[in-house]
Structures are given as C-alpha cells and as structure tokens.
Amino acid sequence: MCGIIGYIGKNSPKEILLDGLKNLEYRGYDSAGIALRNENDVQVIKSVGKIRALEEKINDMELIKANMGIAHTRWATHGKVTLENAHPQQAGYITVVHNGIIENANELRENLIKNGYSFYSNTDTEVVAVLLNKYYEEDKDILKAISQTLSVLKGSYALGILVKDIDKIYAVRKNSPLIVGIGSDEYFIASDIAAIINYTNKYLLLDEDEICELSFMGVKVFHNGIIVNKEVLTTDLIYEDTSKGKYQHFMLKEIMEEPDVCSKTLDKYLDNDLLIDLSKYEEIHIVACGSAMYAGMVGKSLLEEFASIKVDVECASEYRYKKVFYNKKTLVILISQSGETADTIAAMRKAKENGIDTLGIVNVKTSTIAREALYKLFIEAGPEIAVATTKAYLLQVLVLALLTIKAYNKDVSSLMEEARKLPRLLKEVLEKEDLYKEIARTICSSEDIFFIGRGIDFSISMEGSLKLKEVAYIHSEAYQAGELKHGTISLIEEGMPVFSIITDEDIKDKTLSNVIEVKSRGAKIILITNDDKIEKQDFTVVVPKVNKLFQAILVVPVLQLIAYYTALYRNCEIDKPKNLAKSVTVE
Ligand code: F6R
C-alpha cells in the first residue's frame, strides 16, 4: 500500500527520495509527495497520479538546498485522491508521512476542532501532524510530544517526522512496517528495503513502542526515553532482484523465476527437519487472504488426504472477528507473502491470545508475521514486485506439500525424488508459451469467463480466476464443477470461455460430464489436464503428471501465463493493476 522513504546525510536528498519512491511504486499508490528540509525551511511538493508527475513538478521548481527529507506514495483510505490529502501532511513545526490507518482519527479531529484547531485535508495523517505540533509547542520536547501523540492514537502507523527547528528525522511504527537503513554517513527510513537497496544493505528493525532518531551523526533508538541497542542486520537482496532485467514486466519475470525459486525452496527443506511436528495437533486452521488463502485451500486437500488432519481454511478478515472454537491441539497456519497483511496479522494475534500455536508460511523474513509466529517456514521467493502474486503462491503450495509429506506416516522417499524433478518439469510447462498466447488471444475480448474443477482442481481454479480478474480486468468466476447446474449454468452462452481443470484421476469423469454440459450450451472449453489420453477440447493444455501432492505446482503457472498474456493483449497495467496494492497493511 502506501510507501515511505526518508533520508538524512551527506548527499542531496531529492534524487535519493525520488529513486526510493520509484522502487516503492509496486506497492500501489495514487498520489505522491516529498518534503525537503534545511535549517531554515521545509518545502513540500505533492502531486496526484504517478511519480513521473511529481518528478516533473519538482524539476520545474526552485528547490531549497536541503540535507534531509521524507517522501511518500499514498494509496487513498481517508479522503479522496487530492493534492490536499496527499502526504506529507503539515501542521506548524511538524511535517509527517504516514502509512496505516488511525482508527480514532474522527474523534480526535472533532476534539481538536472544538479546541480551535483547523484542518485542510480529510486525512487521518493530518490529525497526527496537528497533535504532534500541539504537544511540541507545549514543551519543545519532541520525544515527549511523540510519546504523548502515540498514547492517544488507535490503529496502525509507520510515521516519518520532520520538525522545522530540529536537524533530525524521527520514525515510529505500530502494525505497519518501517525499517531504518544504515549507510556511511547517511541514514534512511523506509517502509520496505526495496526503497533503499541502491544505497545500503544494512538496516535495523524498529519495534513497536520505540522512537528512532536519525541525525547526521547516526541513529538512536529510544524505548521509554532510554536508548536501546539494536542489532544491525544485512540483507542479501541485490539491486538486480528488484529490477525487471530483460522482461517487459515483473509479473513475467517472476513467473519465469519459478523453477529457480522452487529449487531453492526444495534445497532448503527436502533434507532438513521443518522443526514443527504436526502429529501434536488434532486440527489446523489455515488463515490468509486472497491468493495465499487459495494456496491454503490446496494445502487443506493435501493435509486432509495424506496426513489425515482436519483442516479449515478461512479468510483472515472474517476469522479475526468471528467466534473461533479452538482446542488445545489446534494449530493456526498463517500464509502471507509479505507477512504484513493487516487481517492475517490480526488472526495470528487472536490465536496467540488464545494460547494457540501458530505457524507462519512467509516470504519476507523481516515481517511482522515472521517475527511473531511461534514457528515459521520461509519460502525462498526473493522479492516479489508485481502486485499479483505468482512465484510466492507457487512456493506457498510447495511448502504446504512438503509439510504434508513430513506428516505422512509412510515411506516418502519416492515422493522426495519426485519433488526434486519439479524445477525441471516447471521449465517444461513454462516453455509452452505459444499455446498460452494463443489461448490468451482467444479469450482477451471476452467479458465473462468461468473456471470449473472439483476438489483440489477447484482450489486451483480459484487462483486462476483471481489472476485473470486482477491483471486482465475480466469478470471471471471459479465454480465447483458439480455446483454449476444449481443455478449458475444459466449464464453460459455461446462462445463463453470455460476453463476446466482436470488433474484428479478419481473424479475426472465427473468433471468431464460437467464439461459436456457447458459445451452443449455453447461454451468454448480450455481444458488443463495431466491426462494426455483425455478427449481434446477447443484448447487442451497437458501438463506433466506428478503425484497429487505436487500437481497444482505444474498447473497454476499455465493459468498465470494465460492471465499475463491476456492482460498484455488488453493493454492493462500488468504490474500495478488499478485499485490494488501489493501488501494490504490496513483493514
Ligand atoms: C493476488 C494477491 C493477493 C495476496 C493477498 C495476501 O495476486 O497477490 O490476493 O495474495 O493480498 O497477501 P500476502 O500474501 O502478502 O498476505
């Protein structure tokens, strides 16, 4: 969602801040802004739309000679996409950028208005700026003013703060990521390491209830007014990991990386203990959002069938508020690429408050879920920049399959052998790009598309349908194949594309009869199967047949590539689809 970068140091902040904002673009945003500061002045420049527009505006202006600054990409939550609502927000001495949502902003704003304060924007962030300024004006003690402000805020925040008469930047966070970058004679704040990777690979993680002070001399972190020692960490991320390389889009690059990241994840886990013993548990709740939840649905089929453990899958935004029946032998698995999805974090904390064990299946190792879950299994996807997840989804499914194997009470050596073949088989699947392009060309002008499947093939269909909706903006629905004739089949029309996923031998014939039903009503069938003897359809994609545990891993890339090319032919903004954000850090 929103992105933050801040800089103080020997170099000119303008270029560094703009560069950082560009590296945060993938998170999704609709306006952007920058604040530059020197000992006399704070200059704020904002613009609606792309960073390009902000850059043009900045290049047309006379800038102050600055030595520090903060910048932001905003994804509108409180108030429309306007210049007034873009960050930085200012009040008196204070200039602030903010990620997250202040839930009691309206109440705080009303109280402040009653006491004579006024506001120029609709944002919750301006409320923070006004409060900070109010407390700062009282004592001219910024650490105290920040603590006083935080004590009345409810909700989530990562804040970067400039003060007109202090040569420092301040940063705090709660339920929203923020890291502090350590360079040589230069220091950074960033909502995401990608923003500063061109300048440093050293960083420290800010914990909640800490206030970070960045000066030209270095970084101090305070907890309750006392300086705390923080470990300086090093990321192995390199600039190339966050660039498109020879590909036109990150989404395509990330799909093509799947064989490699699959290999890395297998190397990490195949011969090693996963450090969690599922036999201790009687039931599992898998909780996640979007694609991560659909990966969880595949995991449910695998864990139930092979490891005989009862599994419920729920979307985190429902789970966090509903009555959940835990027993002492429940394990809650949180799946999240970013590890920062607000609802998934809340679900994890709910389980922990109830004394329940938690396992995070996460990509970003510095994330909140990675830090707070009792057990963690990291997928080795590397940075995923395209908003629509591809390689991370695939690895979530892989890790769930490996977890299932380790819980399987039989000789698993042949399964391990089969797992080792996956990277090669994935390459074979990705090589059939011409066929996927042809399918994409055929469906790209359709307005409605269906996906049908049963069991695990239905879970795969959910992911295929979501990919098409989010990147190609085509309405599509995934249905359990047998459920279609209970109403929805009335929507099938002449020429309507219907993707049919058939990989499960046991129920193949049942799904095939549903295919015949829609076909006889004029549907154009795109069959994706692992059975090379099956009757051919309008389009038939045959993927290598592997054990059911791994089959989804060879089917989903086909759907990802078809969605990608469909979006390409429809001229969609593939890496940053409209209205979407990479990491949904607010409710
Ligand atoms: C879809 C997509 C989203 C995410 C969801 C969860 O392509 O990317 O549905 O899967 O927002 O995000 P994470 O995995 O970061 O918790």
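Computed from a predicted structure; not experimentally measured.

Caption draft 1: Representation of the overall build of the chain in the model. Secondary structure assignment for the chain yields 17 helices and 25 strands. For 587 residues, the compact-globule estimate of 2.2 N^0.38 gives 25 Å, and the chain sits close to it at 25 Å. If you line up the chain on its principal axes, its C-alpha atoms span 75 × 50 × 45 Å. Within the chain, the proportion of its 587 residues that are buried is 61%. Put simply, of all contacts in the chain between residues at least 6 apart along the chain, 71% involve residues at least 24 apart. Carbon and sulfur atoms provide 47% of the accessible area of the chain, an area that totals close to 23,300 Å². In the chain, 71 side chains carry a positive charge and 85 a negative one; their mean positions are 1 Å apart.

Caption draft 2: A look at the packing of helix α1 (residues 13–24) against helix α2 (residues 51–59). Relative to each other, α1 and α2 sit at 165°, their axes nearing to 10 Å. Looking at the two axes, α1 sits roughly antiparallel to α2. In terms of crossing hand, the pair formed by α1 and α2 is left-handed. Residue-level inspection shows K14, L18, L21 and K22 of α1 in contact with α2, the latter providing I51, L54, E55, I58 and N59.

Caption draft 3: Fine view of the pattern of salt bridges. According to the stated counting rule, one finds 33 salt bridges in the structure shown. In this structure, K50 engages E573 in a salt bridge whose closest nitrogen and oxygen atoms are separated by 4.0 Å. Taken together, the positions of K50 in the loop between β3 (42–48) and α2 and E573 in the segment after α17 (548–569) put the pair 523 residues apart, joining distant regions of the chain. Take K50: its relative accessible area is 26%, and that puts it in the partly exposed class. Among the ionic pairs, R371 bridges to D207, the shortest N-O distance being 2.9 Å. You can see R371 sitting in helix α11 (residues 368–372) and its partner D207 sitting in the loop between β11 (202–205) and β12 (210–215), a full 164 residues away along the chain. Relative accessible area serves as the criterion here: at 33%, D207 is assigned to the partly exposed category.

Caption draft 4: Spotlight on the side chain of K46. If you trace the backbone, K46 turns up in strand β3. With no salt bridge to any partner, buried K46 finds its closest opposite charge in E84, at an N-O distance of 7.7 Å. A polar atom in the side chain of K46 sits 3.1 Å from the backbone oxygen of P88. Setting aside residues no more than four positions away along its own chain, K46 makes contact with A32, G33, L54, K57, L83, E84, A86, H87, P88, Q89 and Y120.

Caption draft 5: Inspection of the sheet that holds strand β25 (residues 539–542) at higher detail. The strand order across the open sheet built from five strands is β22-β21-β23-β24-β25, with neighbouring strands paired in parallel fashion. With one partner strand each, in any of the chains shown, β22 (475–480) and β25 form the two edges of the open sheet. On average, each strand axis in the sheet is tilted by 15° relative to the strand beside it, whichever way the strands run. With six bridges connecting them, strand β23 (residues 497–502) and strand β24 (residues 524–529) associate as parallel partners. Considered in β24, the bridge of F499 is made with I526.

Caption draft 6: How the structure looks around the pairing of strand β8 (residues 169–174). Within β8, five of the six residues are buried, leaving the element largely enclosed by the surrounding structure. As paired strands, strand β7 (residues 157–163) and β8 are joined by six bridges and run antiparallel to one another. Note on β8: the bridge partner recorded for A158 is R173. In this antiparallel pair of consecutive strands, β7 and β8, the connection spans five residues. The sheet contact formed by β8 and β12 spans three bridges and is antiparallel. Bridging from a neighbouring strand, I169 pairs with L214 of β12.

Caption draft 7: Focus on α17. For α17, built from 22 residues, the straight-helix expectation of 32 Å at 1.5 Å per residue is met to within 8% by its first-to-last C-alpha distance of 33 Å. Among the 22 residues in α17, 19 count as buried, and that is most of the element. Downstream of α17 by one or two residues, N571 has phi in the positive range, about 55°.

Caption draft 8: Geometry of helix α16 (residues 508–519). The terminal C-alpha atoms of α16 lie 16 Å apart, and with 12 residues this matches the ideal 16 Å at 1.5 Å per residue to within 8%. Every buried residue of α16 is listed here: K508, T511, L512, N514, V515 and V518. Down the axis, α16 shows its buried residues gathered within 160° of arc, on one side only. In α16, the exposed positions angled more than 90 degrees off the buried face are occupied by D509 and I516.

So, how was this worked out
- Residues numbered from 1 in each chain as written.
- Predicted model: local features only at pLDDT ≥ 70, side-chain atom pairs only at ≥ 80, totals over all residues.
- Heavy atoms only, no water.
- Helix = DSSP H or I, 4+ residues; strand = E, 2+ residues; numbered from the N terminus.
- Rg over C-alpha atoms; globule rule 2.2 N^0.38 Å.
- Buried < 20%, exposed > 50% of the residue type's maximum accessible area, 1.4 Å probe, protein only.
- Contact = heavy atoms within 4.5 Å.
- Areas by Shrake-Rupley, 256 points an atom, 1.4 Å probe, with all protein chains shown as cover.
- Lys, Arg positive; Asp, Glu negative; His and termini not counted.
- Charge placed at Lys NZ, Arg CZ, Asp CG, Glu CD.
- Axes fitted to C-alpha atoms, helices over the stretch in contact; angles between N-to-C directions.
- Parallel < 35°, antiparallel > 145°, perpendicular 65-115°, else oblique.
- Left-handed = near helix turned anticlockwise from the far one by under 90°.
- Salt bridge = Lys/Arg side-chain N within 4 Å of Asp/Glu carboxyl O.
- Polar contact = N/O pair within 3.5 Å; in protein donor to acceptor, adjacent residues only side chain to side chain.
- Pairing = 2+ DSSP bridges.
- Expected span 1.5 Å × (residues − 1).
- Arc of directions from axis to C-beta.

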